[in-house]
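One letter stands for each residue in the lines below.
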Amino acid sequence: MQMLGCCGYAVCEKHADMLLKALSPGEKKEWGACFYWRYD
């Protein structure tokens, strides 16, 4: 799940941002106005 500002997207590995791909399953990261959550 990528939330970029006010919009959220569930993306596959092919279309995920590099910051999201770097997360472990279940991990979350807040980066400025963006929020990344990798599902378990």
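Nothing here was measured: the structure is a model prediction, and the numbers come from that model. All residue numbers here refer to positions counted from 1 along the written sequence of the relevant chain. In view of the model being predicted, local features appear only for residues whose pLDDT reaches at least 70, and side-chain atom pairs are presented and counted only at 80 or more, with totals across whole chains, interfaces and linings using the full set of residues. Neither water nor hydrogens contribute to the side-chain values; these are computed over all heavy atoms in the structure.

**Student:** What am I meant to see in the state of the cysteines here?
**Tutor:** One way to say it: the disulfide is the covalent bond shared by the sulfur atoms of two cysteines. Counting rule for disulfides: a pair of cysteine sulfur atoms within 2.5 Å. Going through the model one piece at a time under the given rule, you end up with zero disulfides. No disulfide involves Cys-6; its sulfur sits 3.8 Å from the nearest other cysteine sulfur, which is in Cys-7. Sulfur of Cys-34: no disulfide; nearest cysteine sulfur belongs to Cys-7 and is 11 Å away.

**Student:** I tried to follow the sheet that holds strand 1 (residues 2-4) on my own but got confused; where do I start?
**Tutor:** Backbone-to-backbone hydrogen bonds join strands into a sheet, with any given pair of strands oriented parallel or antiparallel. Two strands qualify as a pair provided DSSP detects at least 2 bridges between them. Numbering of helices and strands runs from the N terminus, with a helix taken as a DSSP run of H or I at least four residues long and a strand as a DSSP run of E at least two residues long. Pairing is antiparallel across the open sheet formed by four strands, whose spatial order is 2-1-4-3. On the outer flanks of this sheet lie strand 2 (7-9) and strand 3 (28-31), each paired with one strand and no other. Pairwise comparison of adjacent strand axes, ignoring direction, gives a mean angle of 10° for this sheet. By the bridge criterion, three bridges tie strand 1 to strand 2 in an arrangement that is antiparallel. Following the sheet pairing, Met-3 is matched in strand 2 by Gly-8. To define axes, lines are fitted to C-alpha atoms, for helices over the stretch in contact only, and angles between the resulting N-to-C directions are given on a 0 to 180 degree scale.

**Student:** Where do I start with the pairing of strand 3 in this structure?
**Tutor:** Taken together, the four bridges between strand 3 and strand 4 (residues 34-37) define a ladder with antiparallel strand orientation. In the strand pairing of strand 4, Lys-29 is matched with Tyr-36.

**Student:** Please explain the confidence of the model for the protein as it appears in this structure.
**Tutor:** Segments scoring low in pLDDT should not have their predicted coordinates read at a detailed level. Looking at the protein, pLDDT values average 92 and 100% of them are 70 or higher. Looking over the protein, one finds the lowest element-wise mean pLDDT in strand 2, namely 91, and the highest in strand 4, namely 94. Looking at any residue, its pLDDT shows the predictor's confidence there, from 0 to 100.

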